[in-house]
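# Survey of secondary and tertiary structure
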Amino acid sequence: MGRAYQNKKDSMAKTAGAKTKVYSKYGKEIYICAKNGGVDSDGNLALRRLIERAKKDQVPAHVIERAIDKAKGGGGEDYAATRYEGYGPGNCMIIVDCLTDNNKRTFADVRVCFTKANAKIGAQNSVSHLFDHLAIFVFDGDDDETVLEALMMADVDVTDVEVENGKVTVFAPHTEYNNTRTALEEMGVTEFDEDLIAFVPQVEAPIEGEDVEVMERFLAMLEDCDDVQNVYHNAQF
């Protein structure tokens, strides 16, 4: 993977602005996870780990409980995942992940952001094939070989393990998230600096001059869209 994940974060943006946005994001994800996999976190591993991440991001208990209560009712919103891809300032690549109950509204909102930034929405898979869709874990440590060996012994399909500045970063295919997390916990890892699934760019696109300001404004506009969950790009400022 090259440089450690801590150095890649500048090339991968996640919406994490205002608290209300974070709460809304987790509320939707918890609702869908509970509705599809069951509201009992003891029997729904994905839900349990999602709740753990929400608590780590300081999402209040009442937000989590309300999302689960809505899932218990069996009705409520019918959210669907949708993804938009395209090209932004300086010809950088953009991936916008959304959860929506109204595709037409969401597309219109995202398209306005692209238009105002002189960006271009592409076809499905137009840029995502140039990103790696990975499960990423960052935790304290300095022995990548021991971690790699333990993961391989647990039959985890590891992509890479890196060490930098006292932090171990594990990369695995996104489909291996649960297996990787379980194996790391069995190794004794209890605290994660990062614990997520994300798109990591295979190549970076340096941008400069006016493109930097336009890109920052573009990302801010996307973050303000209610249905946008995560934004990833390969722009290097």
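Our structure is the block above this text.
Calculation criteria
- Residues numbered from 1 in each chain as written.
- Predicted model: local features only at pLDDT ≥ 70, side-chain atom pairs only at ≥ 80, totals over all residues.
- Heavy atoms only, no water.
- Buried < 20%, exposed > 50% of the residue type's maximum accessible area, 1.4 Å probe, protein only.
- Helix = DSSP H or I, 4+ residues; strand = E, 2+ residues; numbered from the N terminus.
- Pairing = 2+ DSSP bridges.
- Contact = heavy atoms within 4.5 Å.
- Axes fitted to C-alpha atoms, helices over the stretch in contact; angles between N-to-C directions.
- Left-handed = near helix turned anticlockwise from the far one by under 90°.
- Nonpolar A, V, L, I, M, F, W, Y, C, P; charged D, E, K, R; others polar.
- Phe/Tyr/Trp six-rings, centres within 6.5 Å; stacked < 30°, edge-to-face > 60°.
- Lys NZ or Arg CZ within 6 Å of the ring centre and 35° of its normal.

Most of strand S2 (residues 93–100) sits out of view: eight of its eight residues are buried. By the alternation rule, side chains of S2 split into Met93, Ile95, Asp97 and Leu99 and Ile94, Val96, Cys98 and Thr100, which are all buried. Between strand S1 (residues 80–87) and the antiparallel strand that follows it, S2, lie five residues; Gly90 among them carries a positive phi value of about 70°. Where S2 lies against strand S9 (residues 228–233), five bridges are found, and the strand directions are antiparallel. When the sheet's bridge partners are listed, Ile94 is paired in S9 with His233.

Strand order in the open sheet formed by four strands is S3-S1-S2-S9, with antiparallel pairing between adjacent strands. Single-partner strands in this sheet number two, and they are strand S3 (120–121) and S9. On the sheet, helix H5 (residues 103–116) packs against S1, S2, S3 and S9 and is oriented at approximately 20° with respect to S1.

Once that is clear, we can look at the packing of helix H2 (residues 19–37) against helix H4 (residues 61–73). Remark: H2 packs on H4, axes separated minimally by 8 Å, with the N-to-C direction vectors making an angle of 35°. Handedness of the crossing formed by H2 with H4: right-handed. Here Tyr23, Gly27, Ile30, Tyr31, Ala34 and Lys35 of H2 come into contact with H4, specifically with Val63, Ile64, Ala67, Ile68, Lys70 and Ala71. Its residues placed into classes, the contact of H2 with H4 shows nine nonpolar, one polar and two charged.

The next subject is the packing of aromatic side chains. In the structure shown here, the tally under the stated rule is eight aromatic pairs. Both rings, one in Phe137 and one in Tyr177, keep their centres 5.3 Å apart while their planes meet at 25°; by these two values the pair is stacked. With Phe137 in strand S4 (residues 131–140) and Tyr177 in helix H7 (residues 177–186), this pair connects stretches of sequence that are 40 residues apart. Centroid distance Phe139 to Phe192: 6.0 Å. Interplanar angle 90°. Geometry classified as edge-to-face. Of this pair, Phe139 sits in strand S4 while Phe192 sits in the loop between H7 and strand S7 (194–201), and the two are 53 residues apart along the sequence. By relative accessible area, which is 6% here, Phe192 ends up buried. Chaining the aromatic ring pairs together yields one cluster made of Phe137, Phe139, Tyr177 and Phe192. Above the plane of the ring of Tyr26 lies Lys25, whose end atom (NZ or CZ) is 5.7 Å from the centre.

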